[in-house]
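# Structure at a glance
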Amino acid sequence: MPLLTGAEPFRHEGGQTAVLLCHGFTGSPQSMRPWAEHLAERGLTVSLPLLPGHGTRWQDLRVTGWQDWYAEVDRELRLLRDRAARVFVAGLSMGGALALRLAALHGDAVSGVMVVNPANRVHGVAAHALPVLRHLVPATKGIASDIAKPVTRELGYDRVPLHAAHSLRNFFRLVDSELPQVTQPLLLMRSPQDHVVPPADSARILSRVSSTDVSEVLLEQSYHVATLDYDAELIFRESTAFIGRLAPGAVREPDLGKEGTTAGG
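Below: a short report on this structure. All figures in this text were calculated on a predicted structure; none of them were measured in a lab. (Residues numbered from 1 in each chain as written. Predicted model: local features only at pLDDT ≥ 70, side-chain atom pairs only at ≥ 80, totals over all residues. Heavy atoms only, no water.)

### Thoughts on the packing of helix 3 (residues 66-83) against helix 4 (residues 94-106)
For the pair helix 3 and helix 4, interaxial distance at closest approach is 10 Å and the crossing angle is 60 degrees. On the basis of their axis angle, the class for helix 3 and helix 4 is oblique. Here helix 3 and helix 4 pass one another in a crossing that is right-handed. Here Trp66, Trp69, Tyr70, Val73, Asp74, Leu77 and Arg78 of helix 3 come into contact with helix 4, specifically with Met94, Leu98, Arg101, Leu102, Leu105 and His106. The residue makeup of the contact of helix 3 with helix 4, split by class, is nine nonpolar, one polar and three charged. (Axes fitted to C-alpha atoms, helices over the stretch in contact; angles between N-to-C directions. Helix = DSSP H or I, 4+ residues; strand = E, 2+ residues; numbered from the N terminus. Parallel < 35°, antiparallel > 145°, perpendicular 65-115°, else oblique. Left-handed = near helix turned anticlockwise from the far one by under 90°. Contact = heavy atoms within 4.5 Å. Nonpolar A, V, L, I, M, F, W, Y, C, P; charged D, E, K, R; others polar.)

Below is the structure:
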């Protein structure tokens, strides 16, 4: 299937400090593109991959699972490690869980973690029925575009395939067990008004990681997809300050003469 316009991955060759950005479940790189461009403009090497099964149609997501999504970001991290001296990982929602697992498993290869409204579990009574329900119902209503800012839309599926949701549930359980292995500096940014991921998920993550350098930022004006919402600039500022503190000299003023690139598939 052809990619939806705007769902293309983003890559930018910058300096020796790199950032790997992970988008959310049923979403696409479009939700993270402004953040990626902001980092690229400040001299950082940036990778924002398209996760398998995303960016086309929801039926394509139905035949993928967490192993496919994690393998993609794991591969990107290894490529960045060959290219850069330091790598930071970042993610939105499920992408936050992917970033946390990268940190847990790769240790010193990850210099820091930045997550926005990270997800830690599938909530609701239906979550417990997923093992059976996924064989009876192919999909349920979508979760995309939880954004306070009028007109702004997230490029995501309008349906959630239940086979993939079941895999996501299993992935969250796995990541939760691995959170104590996360020791890197952590910047967690969350929206008090989030209609997709409740505050309990961020609280759980903060209580289980072993990081001693932890910062929590409230995104008071935004809903779940805060990277496209009113607090997007706050996310950009906090993340560049976080990277600049941990990697002095890595962040520079924008160079308007350079642009990032997109790559299909």
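There's more to say after this.
### Structural notes on the environment of Leu92
Here Leu92 is to be found in strand 4 (residues 86-92). On the basis of relative accessible area, Leu92 is assigned to the buried category, the value being 2%. Separated by 22 residues in sequence, Leu92 and Met114 have C-alpha atoms that sit 8.9 Å apart. Aside from chain neighbours lying at most four places away, what touches Leu92 is Cys22, His23, Gly24, Ser31, Met32, Val116, His224, Val225 and Thr227. (Buried < 20%, exposed > 50% of the residue type's maximum accessible area, 1.4 Å probe, protein only.)

### Examining the nonpolar core
Membership of the largest hydrophobic core comes to 46 residues, with the highest contact counts inside it found for Trp69, Leu100 and Val113. Take this core: its biggest share by element is eight residues, from helix 4. Discounting residues that sit within four places of it in the chain, Trp69 has contacts with Phe25, Leu51, Pro52, His54, Leu61, Thr64, Met94, Leu98, Ala164, Ser167 and Leu168. One finds Met114, Val116, Ile147 and Leu187 within the second-largest nonpolar core, a separate group that totals 31 residues. (Core = buried A, V, L, I, M, F, W, Y, C linked by side-chain atoms within 4.5 Å.)

### With respect to the packing of aromatic side chains
Any aromatic ring pair is given by two values, namely how distant the centres are and how the planes are angled relative to each other. Counted under the stated rule, the structure contains four aromatic pairs. Ring geometry for Trp66 versus Phe171: centroids 5.4 Å apart, planes at 25 degrees, classification stacked. Placement of the pair is Trp66 in helix 3 and Phe171 in helix 6 (residues 162-178), with a sequence separation of 105 residues. Relative to Phe172, the ring of Phe171 has its centre 6.4 Å away and its plane inclined at 40 degrees; by these criteria the two rings are tilted. Take Phe171 and Phe172: they sit in the same class, and that class is buried. A connected cluster of aromatic rings, assembled from ring pairs, spans Trp66, Phe171 and Phe172. Above the face of the Tyr70 ring, Arg101 is positioned so that its terminal group lies 4.6 Å from the ring centre. (Phe/Tyr/Trp six-rings, centres within 6.5 Å; stacked < 30°, edge-to-face > 60°. Lys NZ or Arg CZ within 6 Å of the ring centre and 35° of its normal.)

The analysis is restricted to geometry; functional conclusions fall outside its scope.
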